[in-house]
Amino acid sequence: MAHMRYLIYAEIAEREGYKNIARLFRAIAYAEYVHARNHSRRLSGLDADFKVVAGSAFGPGDTKKNLGQAIRGEIFEVEEMYPAYIKIAELQGDRQALQSFKWALEAEKIHSELYKKALEYLEKGQDMPIDGYIWVCPVCGHTYIGSEPPEKCPICGSPGEKYVKF
Ligand SMILES: [Fe+2]
Ligand SMILES: [Fe+2]
């Protein structure tokens with residue numbers, strides 16, 4: 001759900017002339033796809049119909065409203081959702097789910113900070129400055145801004161050359 005929401009927010013930011021904030025939404029949308037893929041991989045062998053209920057607000061506004069929604073969604077995931085999921089996965093001894101949740105949690109912390117930064121600039125009527133590119137680890141969703149990707153992903157240890165550039 002976050003993946004789709006951020007892609008829609010990116011289109012709106014682009015229309016409003018915030019090119020870098022649009023890039024940020026697109027990069028983080030990709031990171032959310034990576035999380036969804038990792039979570040669904042864990043479920044893929046199970047013979048059951050799983051339903052997803054998105055607990056987050058839907059219905060876009062302007063970029064200011066969208067960044068606010070994005071920040072609240074990321075903070076919810078960091079402070080409530082993933083910590084609860086992690087406890088249950090620990091209780092159930094589910095190592096694959098645990099790894100997927102722990103990786104996502106670390107990436108979401110970075111997402112909330114990046115969105116907060118974007119909102120600070122937007123409130124001054126400015127686009128977010130991005131020095132170089134936004135890089136996303138295709139294994140865990142780690143998100144990083146710089147001219148080059150990190151040598152090694154600090155969350156999952158994947159080599160930097162695997163990162164996807166936005
Ligand atoms: Fe996120
Ligand atoms: Fe990673």
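Scroll up a little and you will see the structure.
Given the structure is predicted, the values throughout are model-derived calculations rather than measurements.

A. A look at the overall build of the chain. Helices and strands together make up the secondary structure of the chain, namely 4 helices and 3 strands. Walking the chain from its N terminus toward its C terminus, one meets helices and strands in the order α-α-α-α-β-β-β. The C-alpha radius of gyration computed for the chain amounts to 16 Å, which stays within 12% of the reference 15 Å derived for 166 residues, consistent with globular compactness. Principal-axis analysis of the C-alpha atoms places the extent of the chain at approximately 50 × 35 × 25 Å. Counting only residues that meet the buried cut, the chain has 36% of its 166 residues in that class. Relative to all contacts within the chain whose residues are 6 or more apart in sequence, the contacts with residues 24 or more apart total 64%.

B. Representation of the sheet that holds strand β2 (residues 143–146) within the structure. The strand order across the open sheet built from 3 strands is β2-β1-β3, with neighbouring strands paired in antiparallel fashion. Edge positions in the sheet fall to β2 and β3 (164–165), since each of these pairs with one other strand and no more. Where strand β1 (residues 133–136) and β2 come together, 4 bridges link them in antiparallel fashion. Across the sheet, residue Tyr133 finds its bridge partner in β2, namely Gly146. Of the strands in this sheet, β1, β2 and β3 touch helix α2 (residues 19–43), which is tilted by about 5° from β1.

C. Geometry of the environment of Lys109. With respect to the secondary-structure elements, Lys109 resides in helix α4 (residues 95–123). Lys109 gets classed as partly exposed once you count the C-beta atoms within 10 Å, which come to 17.

D. Layout of the nonpolar core. In terms of nonpolar packing, the biggest core is built from 42 residues, with Tyr6, Ile21, Leu24, Phe25, Ala27, Ala118 and Val136 touching the most fellow members. For this core, the elements supplying multiple residues, two or more each, are α1 (2–15), α2, α3 (63–92), α4, β1 and β2. If one sorts the elements of this core by residue count, α2 sits on top with 10 residues. Those residues in contact with Ala118 that lie beyond four places of it in its chain are Ile21, Leu24, Leu67 and Met128.

Conventions we followed
- Residues numbered from 1 in each chain as written.
- Chains lettered and ligands numbered in written order.
- Predicted model: local features only at pLDDT ≥ 70, side-chain atom pairs only at ≥ 80, totals over all residues.
- Helix = DSSP H or I, 4+ residues; strand = E, 2+ residues; numbered from the N terminus.
- Rg over C-alpha atoms; globule rule 2.2 N^0.38 Å.
- Buried ≥ 20, exposed ≤ 12 C-beta atoms within 10 Å, placed from the backbone.
- Contact = placed C-beta atoms within 7 Å.
- Pairing = 2+ DSSP bridges.
- Axes fitted to C-alpha atoms, helices over the stretch in contact; angles between N-to-C directions.
- Core = buried A, V, L, I, M, F, W, Y, C linked by C-beta atoms within 7 Å.

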